[in-house]
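Fold and contact review
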Amino acid sequence: MRRRVVITGLGLICGVGNTTEKVWGQLLAGASGVGPIQAFDTTGFPVNFAAEVKNFDPLEFIDKKESRKMGRFIHLAIAATQEAMQQSGLVVTPEIEERVGVFIGSGIGGFEIIEREHQNLMQGGPRKISPFFIPAAIVNMAAGQVSIRYGAKGPISATATACATSANSIGDSFRMIQHGEADVMLAGGSEAAVTGLTIGGFAAMRALSTRNDDPQAASRPFDKDRDGFVLGEGAGMLVLEELEFAKARGANILGEILGYGMSADAYHMTGIAPEGMGAQRSMRAALKDSGILPEEVGYVNAHATSTPAGDGNESQAIAAVFGEHATSKTLKVSSTKSMTGHLLGAAGGLEAGITAMALMQQKIPPTINLAEPGADCVLDYVANQAIDAKFDVALSNSFGFGGINASLIMRRWTE
């Protein structure tokens, strides 16, 4: 018999706020976190805006000397984990340390460190490269630093599956607990990729919105005038526990993870399989894993990034999987990326946390900037204003380059 897995802590940071409470409040208010880029000089760039984390001081969480040895994505991961751990009330003692694991992923890792150290190399030669360059930049060091910080000696991993990263981290952690490999997992992802190389690279692909004259209206999932995604940054962390372990220590349970599905498009390195066939398989796998019927799902937090092809294909996939429940607009769908931008590898962690909050609060955050849905977008996208709703089950989607799809199903917690 598979063990049940519950959520006991959330830590969310993104462009609209640096705590879960602030993020949730701003999302319900329909507030955008997008604005002109402050991290670097955008002169000459075709895109000059992003959803940056604002007023974040890593020294509130990390010793100054140690913080210099870490990339910004590690800082954000530590901060989000600290909030999640404080909410959970969990203390990692010697008695449980080998049963506590850490799965934290990142799609890109320390790009700003790579850019800086490459510049040092070009300007001053190899002797100018920092000895902390590698551990500050590599993707697994968010998980490594969190493990060290809390003394978690159980399973540890760092997923890097592009924009499906965090959902895979959470889903894999869910399975670790289900099958008895751990009792607690600190799971999610972090990303801090607002750099010249990243913006320039995505712009060269023509993947980004170019609404430089109106940045807050640029991320517009499902809208007929969507023209690309808006890069965001931040972190999303969940504390997951085996149900009986959580109950035994008197934890406050926030929600339950019921199912996890993943699939491959096997189609194109960046393109999406027609009719979202890979996304369909991922959602169906999550439903099968959870034992939930499609009509039991009340809300889908969509991956929808505001790209012309992606949003339409995901809409088709949802319609195919959920049938009349979706096309009759009984099922509610929204993309919070309209406010947070696209956090790449951290998107799934942030959005899993948002989905958990939606279930707890019985409110669905909106898709802002949705003036008129595209012809290929025919579902209820909770346009522009949050709504109250009664629902017990929700699904969160994350899809990444390489045709990687991941879906998580959660249930509102009731005794």
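Now for a description of the structure that goes with this document. (Residues numbered from 1 in each chain as written. Predicted model: local features only at pLDDT ≥ 70, side-chain atom pairs only at ≥ 80, totals over all residues. Heavy atoms only, no water.)

Let's talk about the packing of aromatic side chains
Going by this rule: Any two of the Phe, Tyr and Trp rings considered here, Trp counted by its six-membered ring, make a pair once their centres fall within 6.5 Å; the pair's planes then place it as stacked at under 30 degrees, edge-to-face at over 60, or tilted in between. Helical segments are the DSSP runs of H or I of at least four residues, strand segments are the runs of E of at least two, and each set is numbered from the N terminus. Per-residue accessibility, obtained with a 1.4 Å probe over protein chains only, is compared with the maximum for each type, and a residue is labelled buried under 20%, exposed over 50%, and partly exposed between these values.
Here the structure, examined in full by the defined rule, presents six aromatic pairs. With centroids separated by 6.2 Å and ring planes inclined at 70°, the aromatic side chains of Tyr299 and Phe391 adopt a geometry described as edge-to-face. Placement of Tyr299 in strand S9 (residues 297-301) and of Phe391 in the loop between strand S12 (387-388) and strand S13 (393-400) is noted, with a sequence separation of 92 residues between them. Here Tyr299 and Phe391 have matching classes, each one buried.

Considering the nonpolar core
Short version of the rule: By convention a nonpolar core is built from buried Ala, Val, Leu, Ile, Met, Phe, Trp, Tyr and Cys residues, the set being connected through side-chain atoms within 4.5 Å. Between two residues, a contact is recorded if the distance between any of their heavy atoms is within 4.5 Å.
Counting 45 residues, the largest nonpolar core has Ile7, Ile170, Leu240 and Phe391 as the members making the most contacts within it. Counting only elements with at least two residues in this core, the list comes to strand S1 (5-13), helix H1 (20-28), helix H7 (165-178), strand S6 (184-191), strand S7 (234-242), strand S8 (255-264), helix H14 (347-361) and strand S14 (404-412). Among the elements that take part in this core, H14 stands out by supplying eight residues, more than any other. The contact partners of Phe391, leaving out residues within four places of it in the chain, are Gly298, Tyr299, Ala358, Leu359, Gln362, Lys363, Ile364 and Arg412. In terms of nonpolar packing, the next biggest core, distinct from the first, is built from 33 residues, Ile13, Phe73, Leu186 and Ala192 among them.

A few points about the environment of Glu191
As a reminder of what qualifies: N or O atoms closer than or at 3.5 Å make up a polar contact, with two conditions inside protein: a donor-capable atom paired with an acceptor-capable one, and, for residues adjacent in sequence, both atoms drawn from side chains.
Counting through the fold element by element, Glu191 comes out in strand S6. For the pair Glu191 and Ile368, spaced 177 residues apart in sequence, the C-alpha to C-alpha distance is 23 Å. Excluding residues within four positions of it along the chain, Glu191 makes contact with Phe73, Leu76, Ser106, Gly107, Ile108, Gly109, Glu233, Gly234, Leu343, Leu344, Gly345 and Ala346. At 3.3 Å, the side chain of Glu191 and the backbone nitrogen of Gly109 are in polar contact. For Glu191, the side chain forms a polar contact with the main-chain nitrogen of Gly345, separated by 2.8 Å.

Describing the pairing of S6
Our working definition: The criterion for strand pairing is that DSSP finds at least two bridges linking the strands in question.
Counting buried positions over the eight residues of S6 gives eight, a clear majority of the element. The side-chain alternation of S6 yields two buried faces, one formed by Val184, Leu186, Gly188 and Ser190 and the other by Met185, Ala187, Gly189 and Glu191. As defined by bridge partners, strand S4 (residues 100-105) adjoins S6 across six bridges and the pair is classed as parallel. Following the sheet pairing, Phe103 is matched in S6 by Ala187. Summarising the sheet, S6 and S7 pair through eight bridges and their orientation is antiparallel. Residue pairing for S7: Ser190 is matched across the bridge by Ala235.

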